[in-house]
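Observations on the three-dimensional arrangement
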Amino acid sequence: MANIKTGFIFYKVDTDRFQDIRIKRLKKDRGCKGYAVYEYFLNEIYRVKGCFLAYDESAAFDAAEYWGLEESQVNDIVHYCCACGLFDKGLFTSAGILTSRSIQSRYIEMSRIAKRKDYGIPENYNLLCKKHIDSSGVNADSSGINNDYSGIMCDSSGSLPQSKVKKSKYNLPIVPPSGDGAGDSIQRPDLEKQFEAFRVAYGGTKRGFQVEFAAFRKKHRDWQEVVPLLMPALEKLIRWRERCMQSKSFCPQWAHLSTWLNQRRWEDEFPEPEDGSVHEGRLGAIQFPR
């Protein structure tokens, strides 16, 4: 049986990642050591399996030995990364797996760019899979997952599967940056209206429609699939911010719209705010399970 290649020798990162509020929280509360440990495991995820990492004592030891830390420090940082949403807290708690929706989305994107024919995500760990969403009790429509996109990555065996659908079904169209080409869908006018409604409703600093829409389409090849997901994600963000303010928890300022879009923040998961965790605008301690 052919060996299916899953890892990468390099991976892409966003240059504005340091504007991510989660990274800022990690750096503020756990210092440079926290960011170093997070980047270490992010690198290992993409290097070994491509989209996830099984976290155990050996993984903690390797990170601690590399950075000259205690294993207890590494464990604390990993728990913090899960609590603030850099890694998925549910999968880490239930299966000891380090991954996230953004990691898995980037894995799929990089696999396509590398023109790999056989790639996928184990069903039990697949945060993009409709089955996983339904079983977790999250509404599939409001979660921002496209059923056709996620369904090709589900495999009941739990292994990395070969493609079981026609290749054309999951090859996303390449849209010219200017928007003047055959890649534009016949539904583009409707997508433009949806994007404009989202742009108007967004609470942070933003530019005009033409500028934001052109930059968004240039940045994301899958923009036609993403546009319908933006408003549900924004509504989810607004509800979370309201809960933070009601509980007097830390509520970050709105990011610039371009930053929010570039970092694919419609895929973010938010930690549940805790009463009294923040006072006078400062981020308080987050309690982790032991």
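Residues numbered from 1 in each chain as written. Predicted model: local features only at pLDDT ≥ 70, side-chain atom pairs only at ≥ 80, totals over all residues. Heavy atoms only, no water.

1. Description of the overall build of the protein
Scanning the protein from N- to C-terminus turns up twelve helices and two strands. Counting helices and strands in the order they occur from the N terminus, the protein gives α-β-α-α-α-β-α-α-α-α-α-α-α-α. Taken over 290 residues, the protein has a buried fraction of 47%. Considering only contacts within the protein whose residues lie at least 6 apart along the sequence, 68% involve residues at least 24 apart. As displayed, the protein has an accessible area near 15,700 Å², and 51% of this comes from carbon and sulfur atoms. (Helix = DSSP H or I, 4+ residues; strand = E, 2+ residues; numbered from the N terminus. Buried < 20%, exposed > 50% of the residue type's maximum accessible area, 1.4 Å probe, protein only. Contact = heavy atoms within 4.5 Å. Areas by Shrake-Rupley, 256 points an atom, 1.4 Å probe, with all protein chains shown as cover.)

2. Some details on the nonpolar core
Among the nonpolar cores identified, the biggest contains 41 residues, and Y38, F41, Y55, V74, V78, F87 and L98 are the most heavily contacted of them. Put simply, the parts of the chain that give this core at least two residues each are α1 (21-48), α2 (57-67), α3 (71-83), α4 (89-95), β2 (97-98) and α5 (101-113). With ten residues, α1 is the single largest residue contributor to this core. Ignoring anything within four residues of it in the chain, the contact list for V78 reads V37, F41, Y55, F92 and L98. Membership of the second largest hydrophobic core comes to 21 residues, among which are L191, V227, C244 and W260. (Core = buried A, V, L, I, M, F, W, Y, C linked by side-chain atoms within 4.5 Å.)

3. Quick notes on the packing of aromatic side chains
The geometry of an aromatic ring pair comes down to the distance between the two centres and the angle between the two planes. Applying the stated criterion to the full structure yields 23 aromatic pairs. Pairwise contacts between aromatic rings join F195, F198, Y202, F209, F213, F216, W223, W254, W260 and W266 into one cluster. The aromatic ring of F8 is capped on one face by R116, whose charged end is 4.2 Å from the ring centroid. When the ring centre of W223 is taken as reference, the NZ or CZ atom of R217 above it lies at 4.8 Å. (Phe/Tyr/Trp six-rings, centres within 6.5 Å; stacked < 30°, edge-to-face > 60°. Lys NZ or Arg CZ within 6 Å of the ring centre and 35° of its normal.)

4. Some remarks on empty space enclosed by the protein
For the structure shown, the criterion picks out five cavities of 30 Å³ or more. When its volume is computed, the largest cavity comes out at roughly 330 Å³. Surrounding the largest cavity, 20 residues form its lining, D14, R17, D20, Y38 and R106 being those nearest its centre. Going through the elements one at a time, α1 and α5 are the ones with two or more residues in the lining of the largest cavity. In terms of residue count, α1 provides more of the lining of the largest cavity than any other element does, six residues in total. Partitioned by chemical class, the residues of the lining of the largest cavity number eight nonpolar, four polar and eight charged. (1 Å grid on protein atoms, 1.4 Å probe; cavity = no way out; pocket = protein on both sides within 12 Å on 5 of 7 lines; lining within 4 Å. Points joined across faces, edges and corners; volume = space filled by probe spheres on them. Nonpolar A, V, L, I, M, F, W, Y, C, P; charged D, E, K, R; others polar.)

5. Remarks on the confidence of the model for the protein
Averaged over all residues, the pLDDT of the protein equals 77, while 73% of them reach at least 70. Mean pLDDT values for the elements of the protein range from 36 in helix α7 (residues 147-151) up to 96 in β2. Confidence drops under a pLDDT of 50 for residues 130-186, and excluding neighbours within four residues, the segment shows 96 contacts in the predicted structure. (pLDDT = per-residue confidence, 0-100.)

6. Re the packing of α2 against α3
For the pair α2 and α3, interaxial distance at closest approach is 8 Å and the crossing angle is 110°. Put simply, α2 runs roughly perpendicular to α3. Contacts from E57, A60, F61, A63 and A64 of α2 reach α3 at E71, V74 and N75. By residue class, the composition of the contact of α2 with α3 is five nonpolar, one polar and two charged. (Axes fitted to C-alpha atoms, helices over the stretch in contact; angles between N-to-C directions. Parallel < 35°, antiparallel > 145°, perpendicular 65-115°, else oblique.)

7. With respect to α3
Spanning 13 residues, α3 covers 18 Å between terminal C-alpha atoms, matching the ideal 18 Å at 1.5 Å per step. Within the sequence span of α3, burial applies to V74, D76, I77, V78, H79, Y80, C81, C82 and A83. Contacts from the buried residues of α3 go to α1, α2, α4 and β2. Of the residues flanking the end of α3, it is G85, one or two places downstream, whose phi is positive at about 100°. (Expected span 1.5 Å × (residues − 1).)

8. Quick word on the packing of helix α9 (residues 188-201) against helix α10 (residues 209-219)
Closest axis-to-axis distance for the α9/α10 pair is 11 Å, and the angle between their directions is 115°. The angle between α9 and α10 falls in the class roughly perpendicular. Note that α9 runs across α10; the crossing there is right-handed. Packed against α9, whose contacting residues are R188, E192, F195, E196 and R199, the element α10 presents F209, E212, F213, F216 and R217 at the interface. Here the residues of the contact of α9 with α10 are counted per class, giving four nonpolar, no polar and six charged. (Left-handed = near helix turned anticlockwise from the far one by under 90°.)

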